[in-house]
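Observations on the three-dimensional arrangement
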Amino acid sequence: MPTYVYKFVETGETIEVQQSFDDEPLVEYPHPADGIVRQVKKVFTPVGITFKGAGFYKTDSRGSSGSAGSSGSSASSSSSESTSSNGASSSSSSASSSSDD
């Protein structure tokens, strides 16, 4: 359930209340110090985002991006070399098969 921040109109103090998405915003709430029900207004705060897992920190991305970038470029160059050697070998094999006839 999401946590919403409410502000007491009279005192200016803030509280956090867990509510469902379907619940209506509160207009009154008991004050935690004295228990008297007082008017409250909903406070809109910036959304906080928490990134969890590997790859979200500066130290995580340094090692993996450097090695991934160099391996990606070497893989593409080796694939182009194998393509050219395959093309040459296929042409020589076709030439040898035509000379056998």
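Residues numbered from 1 in each chain as written. Predicted model: local features only at pLDDT ≥ 70, side-chain atom pairs only at ≥ 80, totals over all residues. Heavy atoms only, no water.

**Comments concerning the pattern of salt bridges**
For the structure on display, the rule yields 1 salt bridge. A salt bridge links R38 to D34; its shortest N-O distance comes to 2.6 Å. Residue classification places R38 among the buried positions, given a relative accessible area of 15%. Given a relative accessible area of 40%, D34 falls into the partly exposed group. (Salt bridge = Lys/Arg side-chain N within 4 Å of Asp/Glu carboxyl O. Buried < 20%, exposed > 50% of the residue type's maximum accessible area, 1.4 Å probe, protein only.)

**Looking at the pairing of strand β1 (residues 3-8)**
In this sheet, strand β2 (residues 14-18) lies alongside β1 in antiparallel orientation, the contact comprising 5 bridges. Residue pairing for β2: T3 is matched across the bridge by Q18. Counting the residues between successive antiparallel strands, the hairpin from β1 to β2 contains 5 residues, one of them, G12, with a positive phi of roughly 85 degrees. Strand direction decides the pairing type here: β1 and strand β4 (residues 37-43), joined by 4 bridges, are antiparallel. By the bridge assignment for β4, K7 is matched with K41. (Pairing = 2+ DSSP bridges. Helix = DSSP H or I, 4+ residues; strand = E, 2+ residues; numbered from the N terminus.)

**Here's the deal with the confidence of the model for the protein chain**
As a note on interpretation, predicted positions should not be read in detail where pLDDT is low. Here the protein chain shows a mean pLDDT of 71. Residues at 70 or above account for 52%. Residue range residues 65-99 is modelled with pLDDT below 50. Its contacts to residues more than four positions away, or to other chains, number 0 contacts. (pLDDT = per-residue confidence, 0-100. Contact = heavy atoms within 4.5 Å.)

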